[in-house]
Amino acid sequence: MNKSHWLVKQEPDSYPWSAFVKDGQTEWDGVRNYQARNNLRAMKNGDLVLYYHSVKGKEVVGIATVIREAYPDPSATKGDWSAVDIKPIKPLRNAVSLETIKSDERFSEIPLLKHSRLSVMPITPSHFDLILELGQTSV
DNA sequence: GCCAACGTTGGC
DNA sequence: GCCAACGTTGGC
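Just so you know, the residues in each chain are numbered from 1, in the order the chain's sequence is written. Chain letters and ligand numbers both follow the written order, the letters beginning at A and the numbers at 1. Restriction of local features to residues with pLDDT of at least 70 applies here, the model being predicted, together with a cutoff of 80 or more for giving and counting side-chain atom pairs; totals for whole chains, interfaces and linings are based on all residues. With hydrogens and water excluded, all non-hydrogen atoms of the structure serve as input to the side-chain values.

Draft legend 1. Geometry of the protein's contact with DNA strand C. Around DNA strand C, a shell composed of Lys9, Tyr52, Ser54, Val55, Lys58, Leu98, Lys102, Ser116 and Arg117 is seen. Any residue with a heavy atom lying within 4 Å of a molecule or strand is counted as near it. Counted by atom, the contact set of DNA strand C within 4 Å of the protein is 77% sugar and phosphate. In the model, a phosphate oxygen of DNA strand C is placed 3.0 Å from a nitrogen or oxygen of the Tyr52 side chain. Residue polarity is assigned by list, with Asp, Glu, Lys and Arg as charged and Ala, Val, Leu, Ile, Met, Phe, Trp, Tyr, Cys and Pro as nonpolar; anything else, Gly included, falls into the polar class. Of the residues assigned to the surface near DNA strand C, the class counts are three nonpolar, two polar and four charged. Side-chain atoms alone can form a polar contact between residues adjacent in sequence; in general such a contact is a pair of N or O atoms within 3.5 Å, and within protein one must be able to donate a hydrogen while the other accepts it.

Draft legend 2. Seen up close, the nonpolar core. Grouping buried Ala, Val, Leu, Ile, Met, Phe, Trp, Tyr and Cys residues that are joined through side-chain atoms within 4.5 Å yields what is termed a nonpolar core. A 1.4 Å probe rolled over the protein chains alone gives each residue an accessible area, and that area as a share of the maximum for its type sets the label: buried under 20%, exposed over 50%, partly exposed in between. Core analysis: the biggest nonpolar cluster contains 38 residues, and Trp28 and Val60 have the highest contact counts within it. Any two residues whose heavy atoms approach within 4.5 Å at even a single point are treated as in contact. Excluding residues within four positions of it along the chain, Val60 makes contact with Leu7, Leu50, Tyr51, Tyr52, Leu92, Ala95, Val96, Ile101 and Ile131.

Draft legend 3. Region of the structure containing the protein's contact with DNA strand B. As a matter of local geometry, DNA strand B sits amid Asn33, Tyr34 and Arg117. Take the atoms of DNA strand B that sit within 4 Å of the protein: sugar and phosphate atoms are 50% of them.

Draft legend 4. Fine view of the pairing of strand 3 (residues 48–53). In this description a helix means any DSSP run of H or I spanning at least four residues, a strand means any run of E spanning at least two, and both kinds are numbered starting from the N terminus. Counting buried residues along strand 3, six of its six residues qualify, which places the element largely inside the surrounding structure. Burial of the side chains of strand 3 extends over both faces: Leu48, Leu50 and Tyr52 are buried on one face and Val49, Tyr51 and His53 on the other.

Draft legend 5. Structural detail: the packing of aromatic side chains. Here is the rule: rings of Phe, Tyr and Trp (six-membered ring for Trp) pair when centre to centre is within 6.5 Å. Planes less than 30 degrees apart are stacked, more than 60 are edge-to-face, and the remainder are tilted. Enumeration according to the criterion identifies six aromatic pairs in this entry. Ring plane angle 50 degrees and centroid distance 6.3 Å describe the contact between Tyr15 and Phe20, whose orientation is recorded as tilted. According to the relative accessible area criterion, Tyr15 is buried, its value standing at 15%. The interplanar angle of 70 degrees and the centroid separation of 5.5 Å between the aromatic rings of Trp17 and Tyr51 together place this pair among those described as edge-to-face. With Trp17 in helix 1 (residues 17–23) and Tyr51 in strand 3, this pair connects stretches of sequence that are 34 residues apart. Both residues of the pair, Trp17 and Tyr51, belong to the buried class.

Draft legend 6. Examining the sheet that holds strand 6 (residues 120–123) more closely. Taken in spatial order, the six strands line up as 2-5-4-3-1-6 in an open sheet, and their pairing is mixed. Each edge of the sheet is formed by a strand with only one pairing partner; in this case those strands are strand 2 (26–28) and strand 6. Neighbouring strand axes in the sheet, compared pairwise and without regard to direction, differ in orientation by 40 degrees on average. Only the contacting stretch of a helix is used when fitting its axis, a line to C-alpha atoms as for every element, and angles between N-to-C directions run 0 to 180 degrees. This element, helix 5 (residues 125–134), spans strand 1 (5–10), strand 3, strand 4 (59–72), strand 5 (82–97) and strand 6 of the sheet and lies at about 45 degrees to strand 5. Note on pairing: DSSP must find at least two bridges between two strands before they are called paired.

The quantities given are spatial measurements derived from coordinates; they are silent on function.
Written out as structure tokens, the structure reads:
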């Protein structure tokens, strides 16, 4: 219990939520940033993960969960990198746009805004709940 | 398409 | 160990 909450970014041109749903689950690999990697390593089975479309869309589109904790990234030919497996739970009824998040001062401390280049980040329970509320969705 | 932010690399 | 150069991310 005591689940943690996360947000991962992906460009929909590379791997949109729809492809993720079609696949049923996916290997979250290819992360080459130490901070993001360390966040991947802190993920536990059952943790909840927000799925954000960067560059195009710029919105949180769905909720996923961790089904396999960190293991060596098979896509890494050198270096010490990790991957996790996640699977979709459900889409947000209403996608929550970056614009909405930026305009709501309750999100002023969210890493999505403060560390805009970080691709895997922790989300506080209150921010997570707020995204779900704005997305008119419950887990 | 541009560019700010930021991480990495490599010369010294 | 410093820092300039360079590459990447991602919003605008």
